[in-house]
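Chains, contacts and geometry: an overview
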Amino acid sequence: MINFLFAAIKAGTPLLLGTTGEIVTEKTGNLNLGVEGMMFLGAFAGFYMGYRTGSVILALLAAFILGAMGALVYAFLTVTLKANQTVAGLALTIFGAGFANFFGQILIAESVGGVPKLPDSFISRVAEGPLPILGDIPYIGKLIFSHNPFVYGAVIVSIFCWLYISKTRPGLSMRSVGENPAAADAAGINVALVKYVNILLGGGICGLGGAYISLINGGGVWNNNCVNGQGWIAVALVIFANWSPLKSILGSLVFGAFTVLQFYVPKDIISIPNAFYVMLPYLITAIVLIFSSIKKSKEHAQPAGCSINYFREER
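Predicted model, so just to flag it, every value in this text is computed and none were measured. Here the residue index of a chain counts from 1 through its sequence in written order. Where totals are concerned, whole chains, interfaces and linings use all residues; where local detail is concerned, this predicted model gives features only for residues with pLDDT of at least 70, and gives and counts side-chain atom pairs only at 80 or more. Excluding hydrogens and water, the side-chain values take into account all heavy atoms of the structure.

**What to know about unusual backbone geometry**
Put simply, the rule is: The rule is simple: take the accessible area with a 1.4 Å probe, protein chains only, and divide by the maximum for that residue type; under 20% is buried, over 50% is exposed, in between is partly exposed. Note on conventions: DSSP H or I runs of at least 4 residues are helices, E runs of at least 2 residues are strands, and numbering of each starts at the N terminus.
Of note in the backbone geometry, N225 takes a positive phi value of approximately 60 degrees without being a glycine. The class of N225 is partly exposed, set by a relative accessible area of 45%. Located in the positive-phi region is N228, a residue other than glycine, with phi close to 55 degrees. Inspection of the secondary structure puts N228 in the loop between α10 (191–217) and α11 (230–240). Take N228: its relative accessible area is 65%, and that puts it in the exposed class.

**A look at the side chain of T93**
Which entries qualify depends on this criterion: What makes two residues a contact is simply this: any of their non-hydrogen atoms within 4.5 Å.
Secondary-structure assignment places T93 in helix α4 (residues 85–110). Ignoring any residue separated from it by four or fewer positions in sequence, one finds T93 in contact with L33, G34, V35, E36, G37 and W232.

**Points about a nonpolar patch on the surface**
Test applied: Patch definition: residues above 30% relative accessible area lacking any salt bridge, with like charges linked at up to 9 Å and the nonpolar side chains Val, Leu, Ile, Met, Phe, Trp and Tyr linked at up to 5 Å. Only the protein chains shown count as cover for residues, and the accessible areas themselves come from Shrake-Rupley with a 1.4 Å probe. The rule for a salt bridge is simple: a side-chain nitrogen of Lys or Arg has to be within 4 Å of a carboxyl oxygen of Asp or Glu.
On the surface, a nonpolar cluster with roughly 670 Å² of combined accessible area is contributed by F276, M279, L283, I287, I290, F291 and I294. For I290, the location among the structural elements is in helix α13 (residues 274–295). Take I290: its relative accessible area is 51%, and that puts it in the exposed class.

**Some points on the packing of aromatic side chains**
Any pair of aromatic rings gets described here by the distance separating the centres and the angle formed by the planes. Applicable threshold: Planes of paired rings set the category: under 30 degrees apart is stacked, over 60 is edge-to-face and the rest tilted, where pairs are Phe, Tyr or Trp rings (Trp by its six-membered ring) whose centres lie within 6.5 Å. The rule is short: NZ of Lys or CZ of Arg within 6 Å of the ring centre and within 35 degrees of the ring normal puts a charge over the ring.
Applying the stated criterion across every chain, the model contains 12 aromatic pairs. Ring plane angle 65 degrees and centroid distance 5.5 Å describe the contact between F4 and Y264, whose orientation is recorded as edge-to-face. Here the residue F4 occupies a position in helix α1 (residues 2–26), and Y264 occupies one in the loop between α12 (245–260) and α13, the gap between them amounting to 260 residues. The class for Y264 is partly exposed, based on a relative accessible area of 40%. Ring geometry for F95 against F99: centres 5.9 Å apart, planes inclined by 40 degrees, an arrangement best described as tilted. Placement of the pair is F95 and F99 together in helix α4, with a separation of 4 residues, close to one helical turn. Each member of the aromatic cluster is reached from another via a ring pair, and the members are F44, F47, Y48, Y51, F95, F99, F102, F103 and W222. Of note, K82 hangs over the ring of F311, and the distance from its end group to the ring centre comes to 5.7 Å. The ring of F6 carries K142 above its face, with NZ or CZ at 4.1 Å from the centroid.

Given below as structure tokens:
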């Protein structure tokens, strides 16, 4: 059970970052279905920079920047040009996947033996291992205090975003724009600026989630199609977490558990097709949607202005 929960936390980390980034975006009133694409961009940028320089900091910075640049394209299309948000997000997903796989294939062709591998020094810096003293605690030490640094970083990012959204003045402006951009505009808030800043921030965080997949889950080797639908699970997890970065920590653990469940169920006792386990996160999301629709809680609802472009002339 400890090994299963440990694996669930690892599998849930990229989902946590992707979910947190999408929550930040949706809180501004923009539904960005390009999470998968931004994670692909971050995955390639992080791996390429780590592969070329061996620097963990530069790899994470590159992943954040390229994820934010993907979000910038989306922001320009939807905030400035008023394009359909759903179509723009889907286009970003297709572009991000194509970009990462195209340049990833070039990287594979250039590498020795056709296997681009991160330097050993890089892998040793991000390897998991027990924290001093805390890691020696029975059970808890293995479960919570023996992860790689990215796991703790993802939790810190999520908590920071929760504090930013809920407890700061810029966060209040963001929520105001997401709920009622016309009222926020009348109050003197620059709606376009708030949207741009937070959409880029959300995209950068999604890029970090992609970097985790390529740098950690890939075992130090680049694989095309490495994100493999986890961006879509992150979009579903936003609903599960009720648009709260803090709740997304627990939600990512639950979805991470469903992701790795197939490897811990004894096949000789329970014989279930693997496709069923792949379906589980979406099945749980559907159940959550049903219950949230019945409850109709305004506190836990999607921001009212989400997916609706704001035209100032109609204010």
